[in-house]
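Chain residues, written in single-letter form:
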Amino acid sequence: MELQQVRYVLAVAETLNFTRAAERCLVVQSALSHQISRLEQELGARLFERTSRRVRLTPAGEAFLPAARQCLEAAERAAAEVAAAVGEVRGRLAVGLIPTVTAVDIPAGLHAFRGRHPQVRISLRVGASDDLIEQVRRGSLDVAFLGLPPTLRPPGVTARELARGRLVAVVAPDHPLAARRRVSLRTLAAEPFVDLPAGTAGRTQTDLAFNAAGLVRDVAFEVSDAAYIPRLVGPGLAVAMLPAAYVSRLTGVAVVEVSDAPTRVETAVWSRSGRTPATAAFLDLLGIPPEAPTA
């Protein structure tokens, strides 16, 4: 089994198309298909079902993927460690973040990092804190920047607290509450809300606050991306609670302080097995030290 064969299998598994996989790997399709066939012969099992209309993984292919990814990641990490030993930073840097991160300037950090380490391949994924934690645990992300309730400690990863801040209410500019300087959770409970899906880390901090106050609110709209919340608040469809540091970037909405608002903790997480050279260089650039993890 060769690493290039593993790369080809992963490319086909991700695209479910031999032509697109070959384009991604910068190889002609016939060579990619030949190498995958050789690997299937060596393994004694078909990894893909191929028809004229589609490609899909076989049960054997599904079983092969997790270890294949780990094998390729281990090889890439080994190469990066060797490069670091001679003073070069190479390999990949896979960064995850939620849309409302404010404790660190990720675009500025990546710009500076790219200037210093142009040989590192960089990928950026935006998502929910829960999903990003799992991706760091699996190794598909090197580092992620999250927003969590103060009581939540992300399992299976190393974590460092970056900043704490209270949530504020966000309402339409012509909403009756827009003229108020401060409101309470009890007042907000009478309004329809837009929020993230129930059970997610970004939703939990607000749910806990209302539950602790003995209040029930109506979450009339659920969205998967916090960046879309202001688009429902602006026309007056609902109200929301968002981090105070984040709402300063918004337009078309009014912001009101909440007297008994919950706190959100922005946190950076990375693998418990350690930081890759690229991850260490990026976090050092951001001023995030490795010692004394919070979880």
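The rules behind each value
- Residues numbered from 1 in each chain as written.
- Predicted model: local features only at pLDDT ≥ 70, side-chain atom pairs only at ≥ 80, totals over all residues.
- Heavy atoms only, no water.
- Helix = DSSP H or I, 4+ residues; strand = E, 2+ residues; numbered from the N terminus.
- Buried < 20%, exposed > 50% of the residue type's maximum accessible area, 1.4 Å probe, protein only.
- Contact = heavy atoms within 4.5 Å.
- Areas by Shrake-Rupley, 256 points an atom, 1.4 Å probe, with all protein chains shown as cover.
- Salt bridge = Lys/Arg side-chain N within 4 Å of Asp/Glu carboxyl O.
- Polar contact = N/O pair within 3.5 Å; in protein donor to acceptor, adjacent residues only side chain to side chain.
- Axes fitted to C-alpha atoms, helices over the stretch in contact; angles between N-to-C directions.
- Parallel < 35°, antiparallel > 145°, perpendicular 65-115°, else oblique.
- Nonpolar A, V, L, I, M, F, W, Y, C, P; charged D, E, K, R; others polar.
- Core = buried A, V, L, I, M, F, W, Y, C linked by side-chain atoms within 4.5 Å.
- Phe/Tyr/Trp six-rings, centres within 6.5 Å; stacked < 30°, edge-to-face > 60°.

## Overview of the overall build of the protein chain
Then step 1. Scanning the protein chain for helices and strands turns up eleven helices and twelve strands.
Then step 2. The dimensions of the protein chain, computed from C-alpha atoms along their principal axes, are 70 × 50 × 30 Å.
Then step 3. By the burial criterion, 44% of the 295 residues in the protein chain qualify as buried.
Then step 4. In the protein chain, 72% of the contacts between residues at least 6 apart in sequence involve partners at least 24 apart.
Then step 5. Surface summary for the protein chain: the accessible area is close to 14,600 Å², and the carbon and sulfur share equals 52%.

## Things to note about the pattern of salt bridges
Then step 1. According to the stated counting rule, one finds 14 salt bridges in the structure shown.
Then step 2. Arg 217 is the partner of Asp 207 in a salt bridge, and the nearest nitrogen-oxygen pair spans 2.9 Å. Pair noted here: Asp 207 is in helix α8 (residues 201-212) and Arg 217 is in the loop between α8 and β9 (218-222), with a separation of ten residues, a long-range link.
Then step 3. Between Glu 266 and Arg 264 there is a salt bridge, with its nearest N and O atoms 2.7 Å apart.
Then step 4. Assessed through its relative accessible area of 5%, Glu 266 is described here as buried.
Then step 5. Where salt bridges share partners, they join Asp 195, Arg 203, Asp 207, Arg 217 and Glu 222 into one cluster.

## Concerning unusual backbone geometry
Then step 1. The residue Leu 16 is not glycine, and still its phi comes out positive at about 50 degrees.
Then step 2. In this structure, Leu 16 sits in the loop between α1 (3-15) and α2 (18-25).
Then step 3. Leu 16 gets classed as partly exposed once you look at its relative accessible area, which sits at 40%.
Then step 4. Positioned with a positive phi, Leu 26 is a non-glycine residue whose angle comes to about 60 degrees.
Then step 5. Positionally, Leu 26 belongs in the loop between α2 and α3 (29-43).
Then step 6. Residue classification places Leu 26 among the exposed positions, given a relative accessible area of 79%.

## Overview of the side chain of Gln 205
Then step 1. Relative to the helices and strands, Gln 205 resides in helix α8.
Then step 2. Under the relative-accessibility criterion, Gln 205 is labelled buried at 7%.
Then step 3. Here Gly 202 takes part through its backbone oxygen, which lies 3.3 Å from a polar atom of the side chain of Gln 205.
Then step 4. Among all residues touching Gln 205, those that are not within four sequence positions of it are Leu 148, Pro 149, Leu 167, Pro 262, Thr 263 and Arg 264.

## Quick look at the packing of α2 against α3
Then step 1. Viewed as axis vectors pointing N to C, α2 and α3 meet at an angle of 100 degrees, and their least axial separation amounts to 9 Å. Taken together, the axes of α2 and α3 are roughly perpendicular relative to one another. Contact residues: α2 offers Phe 18, Thr 19, Ala 21, Ala 22 and Cys 25, while α3 offers Gln 29, Leu 32, Ser 33 and Ile 36.
Then step 2. Considering only residue class, the contact of α2 with α3 consists of six nonpolar, three polar and no charged.

## Regarding the nonpolar core
Then step 1. Residues Leu 93, Phe 145 and Phe 282 are the most contacted members of the largest nonpolar core, which totals 32 residues.
Then step 2. Listed by contribution, the elements that provide at least two residues to this core are β3 (92-97), α5 (106-116), α6 (129-138), β5 (143-148), β6 (157-171), β12 (263-271) and α11 (277-286).
Then step 3. Val 9, Leu 10, Ile 36 and Phe 48 belong to the second-largest nonpolar core, a separate cluster that totals 21 residues.

## Let's talk about the environment of Phe 221
Then step 1. Mapped onto the secondary structure, Phe 221 falls in strand β9.
Then step 2. Residues Phe 221 and Ala 238 lie 17 residues apart in sequence; the distance between their C-alpha atoms is 7.8 Å.
Then step 3. Not counting residues within four places of it along the chain, the set of residues in contact with Phe 221 comprises Phe 193, Val 194, Asp 195, Leu 232, Leu 237 and Ala 238.

## Quick word on the packing of aromatic side chains
Where two aromatic rings form a pair, the distance of their centres and the angle of their planes describe that pair.
Then step 1. Scanning all chains against the criterion turns up four aromatic pairs.
Then step 2. Between Phe 145 and Phe 282, the aromatic rings sit 6.4 Å apart at their centres with planes inclined by 80 degrees, giving edge-to-face as the arrangement. One end of the pair, Phe 145, is in strand β5; the other, Phe 282, is in helix α11, with 137 residues separating them in the sequence.
Then step 3. The class of Phe 145 is buried, set by a relative accessible area of 1%.
Then step 4. The class of Phe 282 is buried, set by a relative accessible area of 0%.

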